[in-house]
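The chain contents come next:
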Amino acid sequence: SAVTEEKLIEEGECLPSPNLGYSFTGNVNLRAGVSRTIARPTMRELAPYTNEEYRGGYLFTGNPDLEYTTVTNWDLRWEYFTGPGEVLSASLFYKKLKNPIELAIITENGEMKPQNVDEANVTGVEIEWRQSMGRLYRGLSNFSLCGNLTFVHSAVDIPEFELNNIRAFDPSADDTRPLQGQSPYIVNLDLNYGVERYGFQATLLYNVFGERFIINGKGGTPDVYEQPRHMVDFTAQKRILGGAQLKIGVENILDEKVEMTQKFLGKDYYYRLYETGTTYKIGLSVSL
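It should be emphasised that the depicted structure is a prediction, and the values quoted were computed from it without experimental measurement. (Residues numbered from 1 in each chain as written. Predicted model: local features only at pLDDT ≥ 70, side-chain atom pairs only at ≥ 80, totals over all residues. Heavy atoms only, no water.)

Asker: Just checking my understanding: could you explain the nonpolar core for this structure?
Answerer: Soluble, globular proteins show a tendency: their nonpolar side chains are buried together. Ranked by size, the top nonpolar core spans 10 residues in total: Y58, F60, L103, I105, M112, I214, I215, V224, V258 and M260. Elements represented by at least two residues in this core include exactly strand 7 (101-105), strand 14 (212-215) and strand 18 (258-264). Dropping the residues within four chain positions of it, M260 is found in contact with I214, V224, Y225, E226, Y269, Y270, Y271, R272 and Y274. Formed by 9 residues, the second largest nonpolar core is a distinct cluster that contains V71, L97, V122 and V156. (Core = buried A, V, L, I, M, F, W, Y, C linked by side-chain atoms within 4.5 Å. Buried < 20%, exposed > 50% of the residue type's maximum accessible area, 1.4 Å probe, protein only. Helix = DSSP H or I, 4+ residues; strand = E, 2+ residues; numbered from the N terminus. Contact = heavy atoms within 4.5 Å.)

Asker: Sorry, what's going on with a nonpolar patch on the surface here?
Answerer: On the surface, Y22, F24, L30, L76, W78, Y80, L88, L92 and I127 cluster together into a nonpolar patch covering about 810 Å² of accessible area. For the nonpolar patch, the elements supplying multiple residues, two or more each, are strand 1 (19-25), strand 5 (69-83) and strand 6 (86-98). A per-element tally of the nonpolar patch places strand 5 first, with 3 residues. Residue F24 is classed as partly exposed on the basis of its relative accessible area of 49%. (Patch = residues over 30% accessible without salt bridge, like charges linked within 9 Å, V, L, I, M, F, W, Y side chains within 5 Å. Areas by Shrake-Rupley, 256 points an atom, 1.4 Å probe, with all protein chains shown as cover. Salt bridge = Lys/Arg side-chain N within 4 Å of Asp/Glu carboxyl O.)

Asker: Teacher, can you tell me more about the environment of L20 here?
Answerer: In this structure, L20 sits in strand 1. For L20 and R31, which are 11 residues apart along the polypeptide, the C-alpha to C-alpha distance reads 5.8 Å. Setting aside anything within four residues of it in sequence, one finds L20 in contact with L30, R31 and A32.

Asker: Just checking my understanding: could you explain the packing of aromatic side chains for this structure?
Answerer: Here the distance between the centres and the angle between the planes together describe a pair of aromatic rings. Counted by the stated rule, this structure contains 6 aromatic pairs. With centroids separated by 4.7 Å and ring planes inclined at 45°, the aromatic side chains of F143 and Y193 adopt a geometry described as tilted. Placement of F143 in strand 10 (residues 143-157) and of Y193 in strand 12 (residues 185-195) is noted, with a sequence separation of 50 residues between them. Chaining the aromatic ring pairs together yields one cluster made of F143, Y193 and F200. Cation over ring: R197 sits above Y198, and NZ or CZ is 4.8 Å from the ring centre. Above the face of the F209 ring, R212 is positioned so that its terminal group lies 3.7 Å from the ring centre. (Phe/Tyr/Trp six-rings, centres within 6.5 Å; stacked < 30°, edge-to-face > 60°. Lys NZ or Arg CZ within 6 Å of the ring centre and 35° of its normal.)

Asker: How should I be thinking about the pairing of strand 8 (residues 112-116) in this particular structure?
Answerer: Look at any regular strand and the pattern is simple: side chains alternate between the two faces of the sheet. Pairing analysis gives 5 bridges linking strand 7 to strand 8, with the strands arranged antiparallel. For A104, the partnering residue across the bridge sits in strand 8 and is K113. Between strand 7 and strand 8, which follow one another and run antiparallel, lie 6 residues, and G110 among them has a positive phi close to 90°. (Pairing = 2+ DSSP bridges.)

Asker: Would you explain the environment of R197 in this entry?
Answerer: Among the structural elements, R197 can be located in the loop between strand 12 and strand 13 (200-209). Taking C-alpha positions, R197 is 46 Å from R40, a pair spaced 157 residues apart along the chain.

Asker: Any chance you could explain the sheet that holds strand 18 here in plain terms?
Answerer: Adjacent strands of a sheet pair through backbone hydrogen bonds, lying either parallel or antiparallel. In space, the 4 strands of this open sheet follow the order 14-15-18-19, with antiparallel pairing throughout. At either margin of the open sheet sits one strand with a lone partner, and together these are strand 14 and strand 19 (267-274). Strand-to-strand, the axes of this sheet are offset by a mean angle of 35°, without reference to chain direction. Judged from the 3 bridges that link them, strand 15 (residues 224-226) and strand 18 form a sheet pairing that is antiparallel. Paired with Y225 across the strands is T261, a residue of strand 18. (Axes fitted to C-alpha atoms, helices over the stretch in contact; angles between N-to-C directions.)

As structure tokens, then:
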């Protein structure tokens, strides 16, 4: 019979989170904060065995030597409450990550394994707003527009042995790369329409992200990047027959292709290209 060695995870961590706020007027605030957070690997990432994501998918092997990630966050936020349920805000943030976890290609057949890198830095700015469109025209008072716009710069130092392999093909290659999964920009927009007396509400959502690094090629193999994709969803709900509520939804209306690419000597090659399809939902709920 096989003997399995158990690994006991018993760790303590101090996670301070001091915050300071100053109110200029009744509706204008300035907030600053520093916090420390952690991100632990999942059981699947720690389990020392290989499995296939799905038939034809890549092979994923866990790494029992993974360390958890510690993150120190600095945040500065200005906010202006322009009316009931309305806000306009701008935020600056900086994050320093120790031992961030990246997914890396470790074999020629595309086997993946999560691994720690030494550290990463993330700097960004976010603008957020939530406004009634009735401010522009009284006939649009049932509409509201929400959104946020985020610009981010992230950097991870490429290990020396990996950088040497990369520069064997591209001597001018940078010695840093973006943090895995972090887009340089993210846009979210929500257009809402609601009539309280009729119990009706509808929302149109839009999202797009910038090109993001998702898989480390490891050892000089070109890294994999996911290309920008525009996504639109729609949801609506209507109160009917007293306590009942009818809901409908359409997800991924545009159904743009998921494009994952690798760049080699200035040319892009597809790593994966597929469609996820459009999803339609309908539901009925009753409150008793």
